[in-house]
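Observations on the model geometry
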Amino acid sequence: GQNIDQPTEMTATEGAIVQINCTYQTSGFNGLFWYQQHAGEAPTFLSYNVLDGLEEKGRFSSFLSRSKGYSYLLLKELQMKDSASYLCAVRGDQTGANNLFFGTGTRLTVIP
Amino acid sequence: DTEVTQTPKHLVMGMTNKKSLKCEQHMGHRAMYWYKQKAKKPPELMFVYSYEKLSINESVPSRFSPECPNSSLLNLHLHALQPEDSALYLCASSQEITGLSGYTFGSGTRLTVV
């Protein structure tokens, strides 16, 4: 089975830094994704980690520790438009397919 | 073309109706997916097609019937749905092997069953 956990809600101030954690226990692991989803819209791809360590992409960074089943998404210089849900998703390793299972999602509110 | 296009955007159907959701992509992706998303919940995987063959069915009731006519199209046929099936239905696609660029999602079909 798949178990992917994230905090339900977080609030942070404009211009600050926020870290959104994700822990997972899955039957197989072939990469972890972070997606951003604004209300009523499709998820959009933010980052992908398959090896341990930090991946940086502009204001967004994502970290993975496979041995701990742990990842985090770091958002710097927060902007009001960053208010959205952030979804952690793990890809399983079933042969011939790329199944992607989502965590519960973290709703981030950025306040002035 | 770097998009996944879903139609219709909104659909209201009765419990005795038959309708279909459509999804199209022209990125050459060979894996396509259907997800169901209820309000304030994450997307839940329903079906995975890999090279036009159904490879994963996440125990979805038979009132949902997927079809992949070709590598660019994915349909979801709906019949005898229940009000609790009301949700946002998302289609996605990815490169089969690496998926390093992530999965591309369509904007979804918001389905209401009355």
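**Digging into the overall build of chain B**
Looking only at helices and strands, chain B features zero helices and 11 strands. Each helix and strand of chain B, ordered N terminal to C terminal, gives the series β-β-β-β-β-β-β-β-β-β-β. A compact globule built from 114 residues would reach a C-alpha radius of gyration of about 13 Å, and chain B, at 13 Å, matches this within 12%. Each principal axis of the C-alpha distribution contributes one length, and for chain B these read about 40 × 25 × 25 Å. For chain B, the proportion of contacts with a sequence separation of at least 24, taken over those separated by at least 6, is 55%. Here chain B displays about 5,500 Å² of accessible surface, and carbon together with sulfur accounts for 51% of that area. One way to put it: in chain B the 12 positive side-chain charges average out to a point 8 Å from where the 10 negative ones average out.

**With respect to the packing of aromatic side chains**
Using the criterion set out here, one finds 17 aromatic pairs over all chains in the structure. With a centroid separation of 6.2 Å and 65 degrees between ring planes, the pair formed by Phe33 of chain A and Phe45 of chain A is classed as edge-to-face. In this pair, Phe33 of chain A sits in strand S4 (residues 32-37) while Phe45 of chain A sits in strand S5 (residues 44-49), placing the two residues 12 residues apart along the sequence. Here Phe33 of chain A falls in the buried class, since its relative accessible area comes to 0%. Grouping aromatic residues by their ring pairs yields a cluster made of Phe33, Tyr35, Phe45, Tyr48 and Phe102 of chain A together with Tyr33, Tyr35, Tyr103 and Phe105 of chain B.

**Topic: the confidence of the model for chain A**
On average, residues of chain A score 90 in pLDDT, and 93% of them reach the 70 mark or higher. No element of chain A has a lower mean pLDDT than strand S10 (residues 100-102) of chain A, which averages 81, and none a higher one than strand S8 (residues 70-75) of chain A, which averages 98.

**Regarding the side chain of Ser47 of chain A**
Within the secondary structure, Ser47 of chain A is located in strand S5. Leaving out residues up to four positions away in the same chain, Ser47 of chain A has contacts with Leu32, Phe33, Trp34, Ser62 and Leu73 of chain A.

**Notes on the state of the cysteines**
With the rule as written, the count across this model stands at two disulfides over all chains. Paired by a disulfide, Cys22 of chain A and Cys88 of chain A hold their sulfur atoms 2.0 Å apart. Residues Cys22 of chain A and Cys88 of chain A are joined through a disulfide that is left-handed, its torsion about the S-S bond being -65 degrees. You can see Cys22 of chain A sitting in strand S3 (residues 18-25) and its partner Cys88 of chain A sitting in strand S9 (residues 84-91), a full 66 residues away along the chain. Take Cys68 of chain B: it sits in no disulfide, and the sulfur closest to it among the cysteines is that of Cys23 of chain B, at 9.2 Å.

**A short note on unusual backbone geometry**
Residues and elements named next belong to chain B. Along the chain, Thr7 connects to Pro8 via a cis peptide bond; the corresponding omega equals -10 degrees. Residue placement: Pro8 occurs in the loop between strand S1 (4-7) and strand S2 (10-13). For Tyr51, which is not a glycine, the phi torsion comes out positive at approximately 50 degrees. Positive phi is not limited to glycine here, since Glu52 has a value of about 65 degrees. For Glu52, the position within the fold is in the loop between strand S5 (44-50) and strand S6 (53-57).

What counts, and where the lines are drawn
Residues numbered from 1 in each chain as written. Chains lettered and ligands numbered in written order. Predicted model: local features only at pLDDT ≥ 70, side-chain atom pairs only at ≥ 80, totals over all residues. Heavy atoms only, no water. Helix = DSSP H or I, 4+ residues; strand = E, 2+ residues; numbered from the N terminus. Rg over C-alpha atoms; globule rule 2.2 N^0.38 Å. Contact = heavy atoms within 4.5 Å. Areas by Shrake-Rupley, 256 points an atom, 1.4 Å probe, with all protein chains shown as cover. Lys, Arg positive; Asp, Glu negative; His and termini not counted. Charge placed at Lys NZ, Arg CZ, Asp CG, Glu CD. Phe/Tyr/Trp six-rings, centres within 6.5 Å; stacked < 30°, edge-to-face > 60°. Buried < 20%, exposed > 50% of the residue type's maximum accessible area, 1.4 Å probe, protein only. pLDDT = per-residue confidence, 0-100. Disulfide = S-S within 2.5 Å.

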